[in-house]
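# Summary of structural features
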Amino acid sequence: MKFRHFRSVIAATFFVACILAHGGAFADKPAPQSDKAKRFSAAQVAFFEKDVLPILKANCFKCHGGSRVRGGLRLNSRETILKGGDTGPAISLTRPDDSLLLRAIHYKGDLQMPPDGRLPQKDVDTLTRWVKEGLPWTPGTVDVRRPDEKGVVTEEAKNYWAYRPVKRPAVPAVKDAAWVRTAVDAFLLAKLEAKGLTPSPPADRVALVRRVTFDLTGLPPTPQEVDAFVKDDAPDAYERLVDRLLASPQYGEKWARHWLDLVRYAETNGYERDGPKPFAWRFRDYVIRSFNADKPYDRFVKEQLAGDEIDRDNPDAIIATGYYRLGLWDDEPVDAEQARFDEFDDVVATTAQVFLAMTMNCARCHDHKIDPIPQKDYYRLVAFFRDIQPFSDTRGTSSRFNLTDLVAGRKRADEEREQKRRDARIAELRAAQTRIEDKVIRKLSAEDQRAAEGDDRPRIVRKVQRLFTPEQKDEYDRVRFELDQLRRKVPAGRELALSVNNCLVHPPATHVLVRGNVHAPGARVEPGFPAVLGGSTPVLAPPVKNARSSGRRRVLADWIASPDNRLTARVLVNRLWQHHFGKGLVASSNDFGKFGTLPTHPELLDWLAGEFVRGGWQIKRMHKLLLLSSAYRMSSRASPAGLKVDPGNTLLWRFSMRRLTAEEVRDAMLAISGRLNPKMGGPSIYPPIPREVLAGQSRPGEGWPVSLPDEAARRSIYVHVKRSLLVPILSHHDQADTDSSCPVRYTTTVPTQALGMLNGEFANEQAEAFAGRLRRTAPDTLDEQVRQAVRLTTGRSPSKDEVRKDAAFVRSLREKHLDETAALKQYCLMLLNTNEFIYLD
């Protein structure tokens, strides 16, 4: 909303500036005009209502009425017109011909209204007559709010492209039918031919195999894989390559990362303490497994939104509900009730943007300013989630609300007894702690004693620990040590997962909150779907016997994942397009509303959405449809005609180059150096972080136990995501922001990237390992080392002249007092810094 507000301020400022620049006659504001005794005839009032008011509504009230007023000028009452805006009255009753409004609509001078085109002369004459007759008006203020601003969504609003039902369009006919491999090509080529453009020629096979391998696995192809594809002349060679990559386990690791960006995946809570989210890594592994198994997308959606209500005995369905626990959590809020609704806002914002590309969160405090989303629709969506308990009911990060034992149904009797003994002992130790603390608290001031009875007890406890006698301190430390051991111990047979648990069977009532203030409840609302998408009232069955939740979230999940939902399939295929072609058909992939961007190829988007549902919501099938197209196989080579007609490549007349993502940069360096550990799954890893970076923490190194070298060399998706501490090689290359849903990673070019790649510890370690690999595989000849180095970093075979020059460069380094090992390392470091390594053609 900050960006939206900024744009509205800019627009208003521009309008005021226009009037200031071109309204010199009103530079000195006259006193407000008043003629309250003025009475108009019935004919004059009828003239206003029949002829004048429709012109104002159609052309003026958008900017000068309702909730949006530019230049301080309201035109929805006679009094506000006479009062005027920032530069004085718009109308002069004594000198009507000099009125600023008439000058603007006659396009006299630089100030011209409406700014998008002069009114028809008939309308200009009507408004001129109206002003000269003294501004006849119906008594009172005209209500110019849009119906949807009052909580009612009009049929006109529902006709916006994103809110219309998906209809499968016919595949267009094209002149160059030979270029069309899939329907995708026909839709693209039809627009290119209409603009007189031709597609770029196919990419060379080395560029293509490197492109598709990174796109599907996030790793570079090996020289052997490149050779196998380049030498394979079979017509289905490329299709078999795509099939192999889609079947590889690394596919899930690559594409899970895209989903984790969307759902704001992190393993800590943020804020000052940035405490851990226990067992969050299971959610990451669940996403990887889901992509590798090609789980139908509708099932994938339902599991995350309501897995505990769909199949409670399925561990994956429970792990999937960790989706709700991934956001920021304040363990010490100033206003606990307001913070609770901040948690709900995080869930509503993420759910609406990720699955529906709707900015529902903009309607938390008022009706949406741009899209037809009334405030009540926001709270109707909140009502679906009211059965979810808070992240924790204490300041601790582990709670009965956010952890579920995945094997609880399979526990043996002795394990149950062991758990009960453990819980009982923890209760005893807590009581012992409290007794020791209370002995000292009784000696404190009355103010501190009262504070110890409430939420401030932890602060008082920290104070009393400094006042313990030696005997008390020894006993307290013994109790605390045993308590810590019991808390950390997971009994045999338990597998804990971050999830929703102990949900409310009968959630509290939900009210519209006036201006989003939890302390100002308004009208009560029931769970419901957005009016602009049909707004049907869901059927909520009463909870069954022994229910563990309200069942509301399953109703929402079924609606979102329905084939009839107008947005779900469109949103997902747009994301697939985005990650294969560099930019979505709708560039604002989390916002299909009016403040987002319009689709460049709306018919193609709907065709893909229909095909996705028709194919059983299978994502791998859609990958293949896009990747086998001629469009994906194009070269990135530019043409003068294309640059002239479509410099932004909106029509996709060539393939857009892209830089490797942060994870691809790190993983590719590990793969090329030969140190990449392919181990999958399990708890996260903690690669070494430079001392200078750790020094930025309030407690340097806390929460970052460095992994052993072999573990630290695993893929980047397994790196622990701590909100307050980022691994430099990842953060430098635009790692996702985890505070909210991240639909697009914007590629920046900043000095820290070059500095880190040249001087950073990780880059130099990989360059050294890379050089060691070359010495092992080609120990006898520098030329062969150079040839292999170029192949590993770029995929291509260097020419003899290139090998000769690069080898001469390495020898020159030796002559400058570098030994053979150091010289080769510097050459490897240089290759890791080339554009050819870090960009995909």
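Since the model is a prediction, treat every value here as computed from it, not as a measurement. (Residues numbered from 1 in each chain as written. Predicted model: local features only at pLDDT ≥ 70, side-chain atom pairs only at ≥ 80, totals over all residues. Heavy atoms only, no water.)

### Structural notes on the overall build of the protein chain
Which entries qualify depends on this criterion: Starting at the N terminus, helices and strands are each numbered in turn, a helix being any DSSP run of H or I of at least four residues and a strand any DSSP run of E of at least two. Think of it in three bands: with a 1.4 Å probe and only protein chains considered, a residue is buried below 20% of the maximum accessible area for its type, exposed above 50%, and partly exposed in between. Two residues form a contact once any of their heavy atoms are found within 4.5 Å.
A count of helices and strands for the protein chain gives 36 helices and seven strands. Dimensions along the principal axes, computed over C-alpha positions, put the protein chain at roughly 100 × 85 × 55 Å. A burial count over the protein chain gives 52% of its 841 residues as buried. For the protein chain, long-range pairs separated by at least 24 residues make up 71% of all intrachain contacts whose partners lie at least 6 apart in sequence.

### Looking at unusual backbone geometry
Phi is positive for Arg 515, close to 55°, though the residue is something other than glycine. Within the chain, Asn 546 stands out as a residue other than glycine whose phi angle is a positive 65°. The topology assignment puts Asn 546 in the loop between strand S5 (521-525) and helix H22 (552-560). Its relative accessible area of 68% is what places Asn 546 among the exposed residues.

### Side note on the packing of helix H16 (residues 336-356) against helix H23 (residues 568-581)
Stated precisely, the cut-off is as follows: Interaxial angle, 0 to 180 degrees, is taken between N-to-C directions of lines fitted to C-alpha atoms, where a helix line uses only the stretch in contact. For classification purposes, an angle smaller than 35 degrees is called roughly parallel, one larger than 145 roughly antiparallel, one from 65 to 115 roughly perpendicular, and anything else oblique. Basically, the charged four are Asp, Glu, Lys and Arg, the nonpolar ten are Ala, Val, Leu, Ile, Met, Phe, Trp, Tyr, Cys and Pro, and anything else, Gly included, counts as polar.
It is at 7 Å that the axes of H16 and H23 come closest, and there the two elements cross at 75°. On the basis of the axis angle, H16 is roughly perpendicular to H23. When H16 is examined against H23, the residues Gln 353, Val 354, Phe 355 and Leu 356 are found in contact with a partner set consisting of Thr 568, Val 571 and Arg 575. When its residues are assigned to classes, the contact of H16 with H23 shows four nonpolar, two polar and one charged.

### A word on helix H10 (residues 223-230)
Defined as follows: Each direction from the helix axis to a C-beta atom contributes to the arc, which is the arc of those directions.
Among the residues of H10, those classed as buried are Pro 223, Val 226 and Phe 229. Down the axis of H10, the sector holding all buried residues measures 130°, keeping them to one side. The inward-facing, buried residues of H10 contact helix H9 (205-217), helix H11 (237-247) and helix H33 (782-794).

### Points about the environment of Tyr 163
Residue placement: Tyr 163 occurs in the loop between helix H7 (155-158) and helix H8 (183-194). Residue Tyr 163 is classed as buried on the basis of its relative accessible area, which comes to 2%. Along the backbone, Tyr 163 and Ala 547 are 384 residues apart, and their C-alpha atoms lie at a distance of 35 Å. The contacts of Tyr 163, once residues within four sequence positions are left out, are Ala 157, Lys 158, Asp 371, Pro 372, Val 532, Leu 533, Arg 566 and Gly 593.

### Quick notes on the nonpolar core
Short version of the rule: Put simply, buried Ala, Val, Leu, Ile, Met, Phe, Trp, Tyr and Cys residues joined by side-chain atoms within 4.5 Å make one nonpolar core.
Counting residues in hydrophobic clusters, the biggest one holds 174 residues, and the most contacted among them are Tyr 238, Trp 259, Tyr 297, Phe 355, Trp 577 and Leu 608. Per-element tally for this core: the top contributor is H16, with eight residues. Excluding anything up to four places from it in sequence, Tyr 297 contacts Trp 259, Phe 355, Thr 568, Leu 572, Phe 612, Trp 617 and Ile 619.

### Topic: the pattern of salt bridges
Which entries qualify depends on this criterion: Salt bridges are counted wherever a side-chain nitrogen of Lys or Arg sits within 4 Å of a carboxyl oxygen of Asp or Glu.
Throughout the structure, instances matching the rule amount to 57 salt bridges. Residue Arg 264 pairs with Asp 346 through a salt bridge whose shortest N-O separation is 2.7 Å. Of this pair, Arg 264 sits in the loop between helix H12 (249-262) and helix H13 (281-292) while Asp 346 sits in helix H16, and the two are 82 residues apart along the sequence. The residues Arg 264 and Asp 346 share a single accessibility class, namely buried. The partner of Asp 783 in a salt bridge is Arg 811, with the nearest N and O atoms 3.9 Å apart. With Asp 783 in helix H33 and Arg 811 in helix H34 (residues 800-815), this pair connects stretches of sequence that are 28 residues apart.

### Thoughts on the side chain of Asp 806
Stated precisely, the cut-off is as follows: All tallies of charge rest on Lys and Arg as positive and Asp and Glu as negative; His and the ends of each chain are not included. Counted as a polar contact is a pair of N or O atoms within 3.5 Å, where, for protein atoms, one must be capable of donating a hydrogen and the other of accepting one, and residues adjacent in sequence contribute only when both atoms are in side chains.
Of note, Asp 806 is situated in helix H34. One buried charged side chain, Asp 806, makes no salt bridge at all; its nearest oppositely charged neighbour is Arg 796, positioned 7.0 Å away. In terms of polar contacts, Asp 806 uses its side chain to reach the side chain of Tyr 827, at 2.6 Å. Apart from the residues lying within four places of it in its own chain, the contact partners of Asp 806 are Val 786, Val 790 and Tyr 827.

### Section: the state of the cysteines
To be explicit about the condition: Criterion for a disulfide: a pair of cysteine sulfur atoms at a distance within 2.5 Å.
Under the defined criterion, the tally for this structure stands at zero disulfides. We note that Cys 742 lacks a disulfide partner, and the nearest cysteine sulfur, in Cys 362, lies 17 Å from it. The class for Cys 742 is buried, based on a relative accessible area of 10%.

### Focus on the packing of aromatic side chains
For the record, the criterion: Note on aromatic pairs: the rings of Phe, Tyr and Trp (six-membered ring only in Trp) are paired at centre separations within 6.5 Å, and the planes decide the class, stacked below 30 degrees, edge-to-face beyond 60, tilted for the rest. Either the NZ atom of lysine or the CZ atom of arginine qualifies as a charge over a ring when it sits within 6 Å of the ring centre and within 35 degrees of the ring normal.
Per the counting criterion, the structure on display carries 34 aromatic pairs. Centroid distance Phe 283 to Tyr 286: 5.9 Å. Interplanar angle 45°. Geometry classified as tilted. Here Tyr 286 and Phe 283 lie together in helix H13, a separation of three residues that amounts to about one turn. Assessed through its relative accessible area of 2%, Phe 283 is described here as buried. Residue Tyr 286 is classed as buried on the basis of its relative accessible area of 0%. Geometrically, the ring pair formed by Tyr 297 and Phe 612 is tilted, given 6.0 Å between the ring centres and 40° between the ring planes. Of the two residues, Tyr 297 sits in helix H14 (residues 297-310) while Phe 612 sits in helix H24 (residues 602-614), which places them 315 residues apart along the sequence. Tyr 297 sits in the buried class, given a relative accessible area of 1%. Overall, the relative accessible area of 0% leaves Phe 612 in the buried class. The cationic tip of Arg 129 hangs over the ring face of Phe 47; the distance from NZ or CZ to the ring centre is 3.7 Å.

### Some points on a negative patch on the surface
Note the threshold: Excluding any residue in a salt bridge, patches collect residues exceeding 30% relative accessible area, merging like charges within 9 Å and nonpolar Val, Leu, Ile, Met, Phe, Trp and Tyr side chains within 5 Å. The Shrake-Rupley method, run with a 1.4 Å probe sphere, supplies the accessible areas, and residue values consider only the shown protein chains as cover. Where a charge lies is defined by one atom per residue type, namely NZ (Lys), CZ (Arg), CG (Asp) and CD (Glu).
Side chains of Glu 692, Glu 761, Glu 765 and Glu 768 sit close together on the surface and give a patch of like negative charge. Element by element, the count of residues in the negative patch is highest for helix H32 (residues 761-777), at three residues. Within the secondary structure, Glu 765 sits in helix H32.

### With respect to helix H6 (residues 121-132)
Heads up, the condition is: A helix is expected to reach a length of 1.5 Å times the quantity of its residues less one.
The end-to-end C-alpha distance of H6 is 16 Å, a good match for the 16 Å that 12 residues give at a rise of 1.5 Å each. Restricting attention to buried positions, one finds in H6 the residues Asp 123, Val 124, Thr 126, Leu 127, Thr 128, Trp 130 and Val 131. Where the residues of H6 are buried, they touch helix H2 (42-59), helix H4 (78-83) and helix H5 (100-105). Trailing H6 by a residue or two, Gly 134 shows a phi angle of about 90°, which is positive.

### Regarding the confidence of the model for the protein chain
Formally: As a per-residue measure, pLDDT reflects the predictor's confidence and takes values from 0 up to 100.
For the protein chain, per-residue confidence averages 88 on the pLDDT scale, and 91% of positions sit at 70 or higher. Within the model, the stretch residues 1-32 combines pLDDT values under 50 with 39 contacts to residues more than four positions away or in other chains.

### Some words on the side chain of Glu 267
Counting through the fold element by element, Glu 267 comes out in the loop between H12 and H13. Although Glu 267 lies buried, it forms no salt bridge, and the closest oppositely charged side chain, Arg 284, sits 4.5 Å away as judged by the N-O distance. Polar contacts involving the side chain of Glu 267 include one to the side chain of His 720, which spans 3.4 Å.

### Some details on the environment of Leu 556
On the secondary structure map, Leu 556 appears in helix H22. For the pair Leu 556 and Arg 450, spaced 106 residues apart in sequence, the C-alpha to C-alpha distance is 45 Å. If we ignore the near neighbours within four places in the chain, the residues touching Leu 556 are Leu 381, Phe 384, Phe 385 and Phe 529.

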